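The primary structure of each chain is shown beneath.
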Amino acid sequence: MRLSNVSKRCKLLALGAAAVLSLGLMAGCGSSDQSSSSGSGKTYKIGIVQLVEHNALDAANKGFVDGLKERGFEEGKNITIDRQNAQADQSNLQNIAQRFVSAKMDLICAIATPAAQTMANATHDIPIVGTAITDYEGAKLVASNKEPKGNVTGTSNMNPVKEQIDLLLKIKPDAKTIGTVYCSSEVNSEVQVKAMKEYAESKGLTVKIATISTVNDIQQAAQSLIGSVDAFYEPTDNIIASAMPTLIDITNATKVPVICGEPNMVKAGGLATYGIDYYKLGVQTGHMAADILEGKKPASMPIEMAKDLKVTVNKANAALLGITFPEDVLKDADVIE
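For clarity, every value in this text was computed on a predicted model and none was experimentally measured. (Residues numbered from 1 in each chain as written. Predicted model: local features only at pLDDT ≥ 70, side-chain atom pairs only at ≥ 80, totals over all residues. Heavy atoms only, no water.)

**Thoughts on the overall build of the protein chain**
Note the cut-off: Strands here mean DSSP runs of E at least two residues long; helices mean DSSP runs of H or I at least four residues long; both are numbered from the N terminus. Burial here depends on accessible area, computed with a 1.4 Å probe over protein chains only, as a share of the maximum for the residue type. Under 20% is buried, over 50% is exposed, and the range in between is partly exposed. Residues count as neighbours in contact if any of their non-hydrogen atoms are within 4.5 Å of one another. For every accessible area listed, the method is Shrake-Rupley and the probe measures 1.4 Å; residues are considered covered only by the protein chains on display.
Helices and strands together make up the secondary structure of the protein chain, namely 13 helices and 13 strands. When the 337 residues of the protein chain are sorted by exposure, 49% land in the buried category. Across the protein chain, every contact between residues at least 6 apart in sequence was considered, and the portion connecting residues at least 24 apart equals 69%. As displayed, the protein chain has an accessible area near 15800 Å², and 51% of this comes from carbon and sulfur atoms.

In structure tokens:
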């Protein structure tokens, strides 16, 4: 009898152990099914802060989200996105930074230099990936472009300034004086205008500059140059880009062409550019963000330069100005009718 009872107890224990093992396997299968496409099973919180609304930054924003998706990080599945636009207001940037830090974001995407600077001042712990930023070192966002060392990395929108001036001279070979209007508080613009001035002067051109602080200054600044310049060169300045029609109304009225820093400014009325595709730059940035979410550290991720450059021309603007594009400019160019 005792032997029989022992035997029964052993069988019961064995059955119980099998049941526990079975439940454990089922639970393991369940967690595997619920894991994210990135393989971690976690839902990541991402904050996107954009300095101001205009076509180039909007395109970079969209590209960033699409770049993440290409790498398996998709909104509504394994990431949540808090999108914020500062409308070019510093107090808004400060509030957005506090919001992101309080929410303990897993990653912040900062679009344009002032946005990145505010985010970097607010946190040294949350990874920040920037885009539409010309000079990370000059903006004191990183120790160096090759080795950032902190919590910031990203993609640069540094323009091929020399090629843009060469393009201007192909289209308007008789140009002797170039005017430019830009926001003096934007580091991006300062860097581009300095490079443009040095190269233009090496080609025997004279450069005249007018600076602005707000959109309201554009009209007066542009008019101060009209009559003394043969063409305008406009860098990827966020204030100018957000109000291109204001500038173009003045330059078109006096038939002065505007060579722009990027294609969206051409779409907004400029004449031509050899520049960056901001959507593709955003996608490139999204891939860097995915690397960070998968375990890489911004400190050891070099700043990446834009990989896709192209000529974009505005035929409607050229017709209004009485300009005919040379065939070698039109070859392989994106044409806006």
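**Notes on the nonpolar core**
Going by this rule: Each nonpolar core is a collection of buried residues, namely Ala, Val, Leu, Ile, Met, Phe, Trp, Tyr and Cys, held together in the definition by side-chain atoms within 4.5 Å.
By size, the foremost hydrophobic cluster in this structure holds 52 residues, and its most contacted members are Val49, Phe64, Leu68, Met119 and Leu141. Setting aside residues no more than four positions away along its own chain, Met119 makes contact with Val49, Leu93, Ile96, Ala97, Phe100, Ile108, Ala110 and Ile128. In terms of nonpolar packing, the next biggest core, distinct from the first, is built from 27 residues, Val193, Ala200, Leu321 and Phe325 among them.

**As for the pattern of salt bridges**
The test is simple: In what follows, salt bridge is the name for a side-chain nitrogen of Lys or Arg lying within 4 Å of a carboxyl oxygen of Asp or Glu.
Considering all chains together, one arrives at 14 salt bridges under this definition. Linking Lys62 and Asp66 is a salt bridge whose minimum nitrogen-to-oxygen distance equals 3.0 Å. Remark: Asp66 and Lys62 occur in helix 2 (residues 55–70); sequence separation between them is 4 residues, near one turn of the helix. Since its relative accessible area comes to 21%, Asp66 is described here as partly exposed. Residue Asp174 is joined to Lys172 by a salt bridge in which the shortest nitrogen-to-oxygen separation is 3.5 Å. In this structure, a network of salt bridges that share partners links the residues Lys69, Glu74 and Lys77.

**A word on the packing of aromatic side chains**
Short version of the rule: For this analysis, a ring pair means two rings from Phe, Tyr or Trp (six-membered ring only for Trp) whose centres lie within 6.5 Å, classed as stacked if their planes differ by under 30 degrees, edge-to-face if by over 60, and tilted for the remaining angles.
A complete count under the given rule lists 1 aromatic pair for this structure. Each ring, one from Tyr44 and one from Phe73, has its centre 5.8 Å from the other, and the planes form 75 degrees; the classification is edge-to-face. Of the two residues, Tyr44 sits in strand 1 (residues 44–50) while Phe73 sits in the loop between helix 2 and strand 2 (79–85), which places them 29 residues apart along the sequence. Like Tyr44, the residue Phe73 is buried in the burial classification.

**Re empty space enclosed by the protein**
What counts, and what does not: Each cavity reported here is a set of points on a 1 Å grid over the protein atoms alone in which a 1.4 Å probe fits but cannot get out, each pocket an open set with protein on both sides within 12 Å along at least five of seven lines, and each lining residue one with an atom within 4 Å of a point. Grid points are joined across faces, edges and corners, and a volume is the space filled by probe spheres set on the points.
What the rule picks out here adds up to 1 cavity of 30 Å³ or more. One number sums up the size of the largest cavity: a volume of about 60 Å³. Taken together, 13 residues make up the lining of the largest cavity; nearest its centre are His54, Ala56, Thr236, Asn238 and Tyr278. Of all the secondary-structure elements, those providing two or more residues to the lining of the largest cavity are helix 2 and helix 8 (238–242).

**Here's the deal with the environment of Leu167**
Here Leu167 is to be found in helix 5 (residues 161–171). Owing to a relative accessible area of 6%, Leu167 belongs among the buried residues under this scheme. Placed 106 residues apart in sequence, Leu167 and Thr273 show a C-alpha to C-alpha distance of 7.5 Å. Not counting chain neighbours up to four residues away, the residues in contact with Leu167 comprise Ala272, Thr273, Tyr274 and Val329.

**Some words on the sheet that holds strand 1**
Operational definition: When DSSP locates at least two bridges between a pair of strands, those strands are taken to pair. Each axis is a line fitted through C-alpha atoms, and for a helix only the stretch in contact is used; angles between axes span 0 to 180 degrees, taken between their N-to-C directions.
The strand order across the open sheet formed by 6 strands is 2-1-3-4-5-11, and the pairing between neighbours is parallel. Each edge of the open sheet carries a strand with a single partner, namely strand 2 and strand 11 (304–305). Pairing of strand 5 (residues 152–156) with strand 11, which is carried by 2 bridges, proceeds in the parallel orientation. Bridging from a neighbouring strand, Thr155 pairs with Glu304 of strand 11. Strands in contact with helix 2 are strand 1, strand 2, strand 3 (107–111) and strand 4 (128–133); relative to strand 1, the strand with the most contacts, it is inclined by about 165 degrees.

**Structural notes on the packing of helix 3 (residues 90–102) against helix 4 (residues 113–122)**
Worth spelling out the cut-off: Angles are sorted into four bins: roughly parallel if under 35 degrees, roughly antiparallel if over 145, roughly perpendicular if 65 to 115, and oblique for all others. A clockwise turn of the near helix away from the far one marks a right-handed crossing, whereas an anticlockwise turn of less than a right angle marks a left-handed crossing. Basically, the charged four are Asp, Glu, Lys and Arg, the nonpolar ten are Ala, Val, Leu, Ile, Met, Phe, Trp, Tyr, Cys and Pro, and anything else, Gly included, counts as polar.
Interhelical geometry of helix 3 versus helix 4 gives an angle of 45 degrees and a closest axis separation of 9 Å. Judged by the angle between their axes, helix 3 and helix 4 are oblique. The handedness of the crossing between helix 3 and helix 4 is right-handed. Residue-level inspection shows Gln90, Leu93, Gln94, Ile96, Ala97, Phe100 and Val101 of helix 3 in contact with helix 4, the latter providing Pro114, Ala115, Thr118, Met119 and Ala122. In terms of residue class, the contact of helix 3 with helix 4 is made up of 9 nonpolar, 3 polar and no charged.

**Points about the side chain of Asn252**
Tracing the backbone through its elements, the reader meets Asn252 in helix 9 (residues 244–253). Overall, Asn252 belongs to the buried group, its relative accessible area being 18%. Filtering out sequence-adjacent residues up to four positions away, Asn252 remains in contact with Asn317, Leu320 and Leu321.

**Re the pairing of strand 2**
The following threshold applies: Whether a crossover is right-handed comes down to one check: with the strands pointing away from the viewer, does the path from the first strand over the helix to the second run clockwise; if it does, it is right-handed.
As paired elements, strand 1 and strand 2 share 7 bridges and run parallel to each other. Bridge pairing in strand 2 places Ile46 opposite Ile81. Taking the sense of rotation as the criterion, the β-α-β connection linking strand 1, helix 2 and strand 2 turns out right-handed.

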